[in-house]
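Here is how the chains run, residue by residue.
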Protein chains: 2
Amino acid sequence: MADWNPALYTRFEDERTRPAAELLARVPLAAPRLAVDLGCGPGNSTALIAARYPDAAVIGLDTSPAMLESARARLPGLTFGLADAAAWTPERAPDLIYANAVLQWLPDHASLLPRLFGLLAPGGVLAVQMPDNLAEPTHRLMREVAASGPWAAAIGDPAVAGRLGRMLEPAAYYDLLAPHAAAVDVWRTAYHHPMADAAAIVEWVSATGLRPFLDPLDADGKAAFLAAYGRAIDAAYPARSDGRRLLAFPRMFIVARKAP
Amino acid sequence: MADWNPALYTRFEDERTRPAAELLARVPLAAPRLAVDLGCGPGNSTALIAARYPDAAVIGLDTSPAMLESARARLPGLTFGLADAAAWTPERAPDLIYANAVLQWLPDHASLLPRLFGLLAPGGVLAVQMPDNLAEPTHRLMREVAASGPWAAAIGDPAVAGRLGRMLEPAAYYDLLAPHAAAVDVWRTAYHHPMADAAAIVEWVSATGLRPFLDPLDADGKAAFLAAYGRAIDAAYPARSDGRRLLAFPRMFIVARKAP
């Protein structure tokens, strides 16, 4: 994929920061020494971690140079570095590995989550939040539009572009971590974001889930795809009683604590 | 129904207090003067409100004398009174009406929620949390067991005992309140509580959802019903990788703010 667009990504920062804050609020640690923000993006979650744990060493890691540049500009006092969560191994064991809205991009959660949990120091916590919206109209319609237009060949298999099959059920995440953990807390929240119009919904997903569909297209192809997708979104998210559209956005949360 | 059992209800107090705290955390008020805890039960939510808003007048209301007695013993400094949310009208307009795990017992949400919202002072907030678990195995199996045993006639229509048809969809609550509100925040969280065994799940729902099924039965009938229900729960909630059972418990949250 092309590099991320921090400006577009931060367009809905309030809505994106809420799950990051709710995840952090459930971390049962009083004073971690080393906290790693895996997939830190433009640093909104890293700022939350640093604010809650002012005495901790906080490191933000991401695969995107543009996101890291944006994070460094925002938080000059913290440490940021280039790393891929799929292969990353820390130099010393963190007390907190915090992965907000990143692991959904990676395959093989059945190996990935126990591996990350295993990297923790004794008493450490793995905290994960992942959008779980692949069955929502936003994401179903990406795949349907992709399969049915002149862009179909360029995009390829919509199930691949749409990352189908990666997310597990809540109980499966529990099963993966519980035998190794002192406690595992799994929950799934569907937010219902009031959006000004259908275009705002398209703009939101353009910064994330829509990227693998748009990246292979040239400018004309992108515009045509977005027009067809926008019409489908407009029909799937009818105006509510106040004229707005409600974007249902389910997210999975996992907080697993290692025995001391 | 028979009066509530505060001791049984508080058996899973940590799990029950979490949604109460998460609801309160989303209330966008800095310093309400008058806060009403509607359906205060044994006072766990009232204590949270008083702790967040130490300068507010906090009043707890409930229909259960046993619950009110328990709340008064726990929080002697606060005011508690007997009132039914369905008909209650405050003497002066509250800045916060907080209704945690109570409105699911009342019919006609399409009238009830706008009515409660209309009672608020300007700038006030209505904050509601309701279990939304009638489609979960715990509650589906209550109805199935009720319909298929010698207790069927005594219990009557399982749909009535099971309060089917009261809960609306998230978007419907948004539609009801948005035209009158400055902002409406609706979300739905499914917790996944690790429970020691199937008996613990039965014990949990015995204090709430199972009560309309058990109340009409004599002691032998209750025991026989609970045995059949316990077997059904044991089969529906298989042991996870650590031997525990995971109780999925969805809850609906609504926070609506009036214009100042």
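Residues numbered from 1 in each chain as written. Chains lettered and ligands numbered in written order. Predicted model: local features only at pLDDT ≥ 70, side-chain atom pairs only at ≥ 80, totals over all residues. Heavy atoms only, no water.

## Quick look at the interface of chain B and chain A
Condition: In what follows, a contact means two residues having at least one pair of non-hydrogen atoms within 4.5 Å. Accessible-area loss on putting two parts together, using a 1.4 Å probe and summing over both, is the definition of buried area adopted here. By salt bridge we mean one thing: a side-chain nitrogen of Lys or Arg within 4 Å of a carboxyl oxygen of Asp or Glu.
In this complex, chain B contributes 24 residues to the contact, which on the side of chain A involves 24 residues. Summed over both partners, the interface of chain B with chain A buries about 2,100 Å², with 49% contributed by carbon and sulfur atoms. The largest share of the area that chain B buries against chain A comes from B:Arg18, B:Tyr174 and B:His192, three residues that together contribute 27% of it. Our enumeration of links across chain B and chain A arrives at 4 salt bridges.

## Thoughts on the nonpolar core
This is how the line gets drawn: Side-chain atoms within 4.5 Å link the members of a nonpolar core, which is a set of buried Ala, Val, Leu, Ile, Met, Phe, Trp, Tyr and Cys residues. Exposure categories follow from relative accessible area, calculated using a 1.4 Å probe and restricted to protein chains: below 20% of the type maximum is buried, above 50% is exposed, and the middle band is partly exposed.
A:Leu96 and B:Leu96 are the most contacted members of the largest nonpolar core, which has 36 residues in total. In contact with B:Leu96, other than residues within four places in its own chain, are B:Val27, B:Leu29, B:Leu34, B:Ala35, B:Val36, B:Tyr53, B:Leu120, B:Val125 and B:Ala127.

## Considering the relation of the copies chain B and chain A
Think of it as a corkscrew move, a rotation about one axis and a shift along it, taking one chain copy to the other. Let me state the cut-off plainly: When the copies are superposed, the least-squares fit takes in the C-alpha atoms of residues with a pLDDT of at least 70 in both.
Superposing chain B onto chain A requires a rotation of 180° together with a translation of 0.0 Å along the rotation axis, leaving an RMSD of 0.0 Å. What the rotation and shift describe, once combined, is the action of a two-fold rotation axis. Of the C-alpha atoms belonging to chain B, the one lying closest to the rotation axis is found on B:Thr189, 2.1 Å away. Most of the interface of chain B is mirrored in chain A, where 100% of its interface residues are also at the interface.

## So, the environment of B:Gly124
All names here are of chain B. Condition: Labels follow the DSSP assignment, with helices taken as runs of H or I lasting at least four residues and strands as runs of E lasting at least two, numbered in each case from the N terminus.
Along the polypeptide, Gly-124 turns up in the loop between helix 5 (109-118) and strand 5 (125-131). Here the alpha-carbon distance between Gly-124 and Ile-233, two residues 109 residues apart in the chain, equals 42 Å. Residue contacts for Gly-124: discarding those within four places in its chain leaves Asp-95, Ala-256, Arg-257 and Lys-258.

## Side note on the pattern of salt bridges
Tallied over the entire structure, the rule returns 18 salt bridges over all chains. Close ionic contact of B:Arg245 with B:Asp234 constitutes a salt bridge, the shortest N to O distance being 2.9 Å. Of this pair, B:Arg245 sits in strand 7 (residues 245-257) while B:Asp234 sits in helix 12 (residues 219-236), placing them 11 residues apart in sequence. Several salt bridges share partner residues, and in doing so they unite A:Arg18, A:Glu22, B:Arg26 and B:Asp185 into one network.

## Observations concerning the pairing of strand 4 (residues 96-100) of chain A
All names here are of chain A. Heads up, the condition is: Criterion used throughout: strands pair if DSSP finds at least two bridges between them. Note on handedness: a crossover is taken as right-handed if, strands pointing away from the viewer, the path from the first strand over the helix to the second is clockwise.
Most of strand 4 sits out of view: 5 of its 5 residues are buried. The alternating pattern of strand 4 places Leu-96, Tyr-98 and Asn-100 and Ile-97 and Ala-99 on opposite faces, both of which are buried. Bridge count between strand 1 (residues 34-38) and strand 4: 3 bridges; the pairing is parallel. Note on strand 4: the bridge partner recorded for Asp-37 is Tyr-98. Bridge count for strand 4 against strand 5 (residues 125-131) is 5 bridges, and the pairing is parallel. Bridge pairing in strand 5 links Leu-96 to Val-125. Handedness of the crossover joining strand 4 and strand 5 through helix 5 (residues 109-118): right-handed.

## As for the domain arrangement of chain A
Residue and element names in this part refer to chain A. In plain terms, the rule: Source of the domain bounds: an automatic or database domain assignment. Pairing of N or O atoms within 3.5 Å defines a polar contact, subject to two protein rules: one partner must be a possible hydrogen donor and the other a possible acceptor, and residues neighboring in sequence count only if both atoms are side-chain atoms. Gly is put with the polar residues, along with every residue not named as nonpolar or charged; the nonpolar set is Ala, Val, Leu, Ile, Met, Phe, Trp, Tyr, Cys and Pro, and the charged set is Asp, Glu, Lys and Arg.
Structurally, chain A comprises domain 1 (1-131 + 167-192 + 249-260) and domain 2 (133-164 + 197-243). Roughly 1,500 Å² of surface becomes buried between domain 1 and domain 2 when both sides are summed, with 64% attributable to carbon and sulfur atoms. Where domain 1 meets domain 2, there are 0 salt bridges. At the surface where domain 1 touches domain 2, the tally comes to 1 residue pair in polar contact (both at pLDDT 80 or more). When residues of the side of domain 1 that touches domain 2 are traced back to their parent elements, those giving at least two are helix 1 (6-9), helix 2 (13-25) and strand 7 (245-257). Per element, the largest residue contribution to the side of domain 1 that touches domain 2 is 3 residues, and it comes from strand 7. Class assignment of the residues belonging to the side of domain 1 that touches domain 2 gives a composition of 10 nonpolar, 1 polar and 5 charged.

## Some thoughts on helix 12 (residues 219-236) of chain A
All names here are of chain A. Operational definition: Under the convention used throughout, the expected extent of a helix is 1.5 Å for every residue step, that is, one less than its residue count.
Taking 1.5 Å of rise per residue, the 18 residues of helix 12 would be expected to cover 26 Å, and the 25 Å separating its terminal C-alpha atoms lies within 8% of that figure. Every buried residue belonging to helix 12 is among Gly-221, Phe-225, Ala-228, Tyr-229, Gly-230, Ala-232 and Ile-233, and all of these are buried. Tucked inside the fold, the buried residues of helix 12 contact helix 6 (137-147), helix 7 (152-155), helix 10 (198-206) and helix 11 (211-214).

## A closer look at helix 4 (residues 65-74) of chain B
Residue and element names in this part refer to chain B. Applied cut-off: Directions from the helix axis toward the C-beta atoms define the arc.
Regarding helix 4, the residues found buried are Met-67, Leu-68 and Ala-71. Projection of helix 4 onto a plane perpendicular to its axis shows the buried side chains occupying an angular sector of 100°, all on one side. Of the exposed residues in helix 4, the ones pointing more than 90 degrees away from its buried face are Glu-69 and Ala-73.

## Structural notes on the layout of surface pockets
Counted only if it meets this: Cavities and pockets were defined on a 1 Å grid built from protein atoms only: a cavity is a group of points that admits a 1.4 Å probe but offers it no way out, a pocket is an open group of points flanked by protein on both sides within 12 Å along at least five of seven lines, and a lining residue is one with an atom within 4 Å of any such point. Grid points are joined across faces, edges and corners, and a volume is the space filled by probe spheres set on the points.
Here the largest pocket defines a volume of roughly 780 Å³. Around the largest pocket, the lining comprises 45 residues; the ones closest to its centre are B:Trp4, B:Ala101, B:Val102, B:Gln104 and B:Trp105. When contributions to the lining of the largest pocket are tallied by element, the ones reaching two or more residues are helix 3 (44-52), strand 2 (57-62), helix 4, strand 5, helix 8 (158-161), helix 10 (198-206) and strand 7 of chain B. Mapping the lining of the largest pocket onto the domain boundaries places at least three of its residues in each of domain 1 (1-131 + 167-192 + 249-260) and domain 2 (133-164 + 197-243) of chain B. In this structure, the second largest pocket encloses a volume near 630 Å³. Among the elements of the structure, helix 3 (44-52), strand 2 (57-62), helix 10 and strand 7 of chain A are those that each provide at least two residues to the lining of the second largest pocket. The class makeup of the residues in the lining of the second largest pocket is 19 nonpolar, 12 polar and 6 charged. Counting contributing residues per domain, the lining of the second largest pocket is built from domain 1 (1-131 + 167-192 + 249-260) and domain 2 (133-164 + 197-243) of chain A, each supplying no fewer than three.

## What to know about the packing of helix 5 of chain B against helix 9 (residues 170-177) of chain B
Residues and elements named next belong to chain B. Rules: Fitted lines through C-alpha atoms serve as axes, helices being fitted only where they are in contact, and the angles separating the N-to-C directions of these axes extend from 0 to 180 degrees. In this scheme, roughly parallel covers angles under 35 degrees and roughly antiparallel covers those over 145, while 65 to 115 is roughly perpendicular and the rest are oblique. Crossing handedness is defined as follows: a turn of the near helix away from the far one that is anticlockwise and smaller than a right angle gives a left-handed crossing, while the clockwise case is right-handed.
Across the interface, helix 5 lies against helix 9 with an axial gap of 9 Å and an inter-helix angle of 45°. Relative to helix 9, the element helix 5 is oriented oblique. When the axes of helix 5 and helix 9 are compared, the crossing they make is right-handed. Contact with helix 5, carried on its side by His-109, Ala-110, Leu-113, Pro-114 and Phe-117, involves Tyr-173, Leu-176 and Leu-177 of helix 9 and no other residues of that element. Of the residues in the contact of helix 5 with helix 9, the class split is 7 nonpolar, 1 polar and no charged.

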